[in-house]
Amino acid sequence: MENGKISRRKAIATVSAGTLGALTFQPFSAFSYNTTKKLAIHGGEKVRNAAWSDWPVWDTSAETDVTEMLRSGRWWRGSGEHVAEFERKYAELMGAKRCLATASGTTALLVAMHVLGVDAGDEVLVSPYTFIATYNVIFMNKALPVFVDTDPETFLINTNKIEERITDRTTAILPVHIYGLPVDMDHVNSIAQKHDLKVIEDACQAWLGEYKGKKLGTLGDLGCFSFQNSKNLPTGEGGAITGNDEEMMDRCHSFHNCGRPFGSVPATSDYPLRGSNRRMQQIQAIMLLSQMERIEKDAEVRLANARYLDENLREIPGIVPCKLVEGENRSACHMYPFRFISEKFDGISREKFIAALRAEGIPCSSGYGPQNKDGLIEEALNSRGYKRLFSEKRLKKWREENYLPGNDQLCREAVTFYQSLLLGTHSDMDDIVNAIRKIYENRKSLA
Ligand SMILES: Cc1ncc(COP(=O)(O)O)c(C=O)c1O
């Protein structure tokens, strides 16, 4: 950046392919775009008129399996082979000993939490920068979600702030690899070990993301995934748990199948354990097996494009790409997140920036809000059950500690691109960079 203009040297720099191997980047070709043109939000020409790629993408070759399964009547996992096949293949892909398919990511979290012993009156340490399901499941278990502040630079739980929130009721840590970004799991696991806590990874957005060369969702006691329609591996609704402890995974299986005996869960009766129906259907598994054909290639394309955006967007004042936790780590790139620093854009609001960017033909959104202040929290804490389970003193302290400046800052500054934008071409990424450069150059007209 020179005198507030994007330097040509930086603009044409070739980005290193890093660990991507086969994929190489083309030089940044967008420097010829005249970014001083009138903004589209003011009636000027859009940077981009073309549509973005659709999501999800269906491969018709899987329709034979779907039809055959439908005609056979073997629709549930008990009578068909597709769910078990998916579990085998997903465990292999993740480098985990076992996988259990579930009806959704939420049910995966519910099963994991029950099996790891999170009980009524317990406390669970959790990141507030996440989808609401992460802590709804804590409430469903009648435990107290205790929010640990977010590090706005990484978008993740600030692991330095975990220990100060531990009490004699804490039983588990629930780190969230939000947007597929890897949490510092060594730090989380060392705290868990020291205080005898369980670790449930919310990897619902983190298929194929890695921490120190290992797949996210395989680093804690259990990892939970979602395959809901918008996800990088979609099947409408679906989920999975991954784990390396055979006995624990047997208990997960038993619990998700109404508490029936399974593996090391002995058949002392028809239903030896408490349980629930959290099973995946056959059709979900067939769709997943088909989607898995493309997931590794898609992940490479998203990552290459995300790195290209990182390199080029960080040259624009006020645009701060998310910082990856140090080490041999890789994001699963569910969403491309960055922070918008309003002061560098002459004080224009993030909402105005987003509106201007959308007008240029670039879909984007503002990420999560400060959900630790959502109505559902007080609704839960004021309920008869929670008043019975937690003392007035504890709930008062919880409310006093529900001050999360890092998370509040991120909720004000975050901007995200949907994951399917990252499946675009190199010139699609140039459209994104050009649109933001154009808004930067024209920022005074928005002030
Ligand atoms: C971070 C996170 N946790 C949990 C879930 C819940 O998954 P599902 O929608 O499959 O129940 C989601 C899904 O959106 C998620 O993004």
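See above for the structure.
What counts, and where the lines are drawn
Here the residue index of a chain counts from 1 through its sequence in written order. Per-residue local features of the predicted model are confined to residues with pLDDT of at least 70, and side-chain atom pairs are confined, for both listing and counting, to 80 or more; whole-chain, interface and lining totals are unaffected and use all residues. Computation of side-chain values: all heavy atoms of the structure, hydrogens and water removed. Helix axes are fitted to C-alpha atoms over the stretch in contact, other axes to C-alpha atoms as well, and angles between N-to-C directions run from 0 to 180 degrees. By the criteria applied, helices consist of DSSP H or I runs no shorter than four residues and strands consist of E runs no shorter than two, each listed in order from the N terminus. For classification purposes, angles smaller than 35 degrees are called roughly parallel, those larger than 145 roughly antiparallel, those between 65 and 115 roughly perpendicular, and all remaining angles oblique. Helix crossings fall into two classes, left-handed where the near helix is turned counterclockwise from the far one by less than a right angle and right-handed where it is turned clockwise. Note on contacts: a residue pair is in contact if any heavy atoms of the two residues lie within 4.5 Å. Side-chain classes are defined by residue name, with Ala, Val, Leu, Ile, Met, Phe, Trp, Tyr, Cys and Pro counting as nonpolar, Asp, Glu, Lys and Arg as charged, and the others, Gly among them, as polar. Working definition: residue near molecule or strand if any one of its non-hydrogen atoms lies within 4 Å of it. In protein, a polar contact requires one atom able to donate a hydrogen and another able to accept it; more generally it is a pair of N or O atoms within 3.5 Å, and residues adjacent in sequence count only if both atoms are side-chain atoms. All accessible-area figures derive from a Shrake-Rupley calculation using a 1.4 Å probe, and residue coverage is judged against the displayed protein chains alone. For each residue, the accessible area found with a 1.4 Å probe, counting protein chains only, is set against the maximum for its type, and the residue is called buried under 20%, exposed over 50%, and partly exposed in between. Here, strands pair whenever DSSP counts at least two bridges between them.

Caption draft 1: Broad picture of the packing of helix α2 (residues 63-72) against helix α8 (residues 282-313). Contact geometry for α2 and α8: axes closest at 10 Å, N-to-C directions at 165°. The orientation of α2 relative to α8 falls into the category roughly antiparallel. Considering how the two elements wind past one another, α2 and α8 form a crossing that is right-handed. The segment α2 lies against α8, with Asp65, Val66 and Met69 engaging Gln282, Ile283 and Ile286. Its residues assigned to classes, the contact of α2 with α8 comprises 4 nonpolar, 1 polar and 1 charged.

Caption draft 2: A look at the site of the ligand. Surveying the vicinity of the ligand reveals 16 residues, the closest of which are Gly105, Thr106, Asp202, Ser226 and Lys231. Within the contact set of the ligand, a nitrogen atom lies 2.8 Å away from a side-chain nitrogen or oxygen of Asp202. Within the complex, 92% of the 380 Å² of free accessible area of the ligand lies under protein. For the shell around the ligand, the leading source of residues is helix α4 (residues 105-115), giving 3 residues. Here the residues of the shell around the ligand are counted per class, giving 5 nonpolar, 9 polar and 2 charged.

Caption draft 3: How the structure looks around the environment of Asn402. With respect to the helices and strands, Asn402 occurs in the loop between α12 (392-401) and α13 (405-413). Not counting chain neighbours up to four residues away, the residues in contact with Asn402 comprise Phe147 and Asn372.

Caption draft 4: View of α4. Among the 11 residues that make up α4, 9 are buried, leaving the element largely enclosed by the rest of the structure. Turning to α4, its buried residues number three or more, namely Gly105, Thr107, Ala108, Leu109, Leu110, Val111, Ala112, Met113 and Val115. Immediately downstream of α4, the backbone of Gly117 shows phi near 85°, a positive value.

Caption draft 5: How the structure looks around the pairing of strand β6 (residues 170-174). Counted residue by residue, β6 has 4 buried out of 5 residues, so it is predominantly covered. Note that β6 and strand β7 (residues 198-202) share 2 bridges and pair parallel. Counterpart to Ile173 in the pairing with β7 is Val199.

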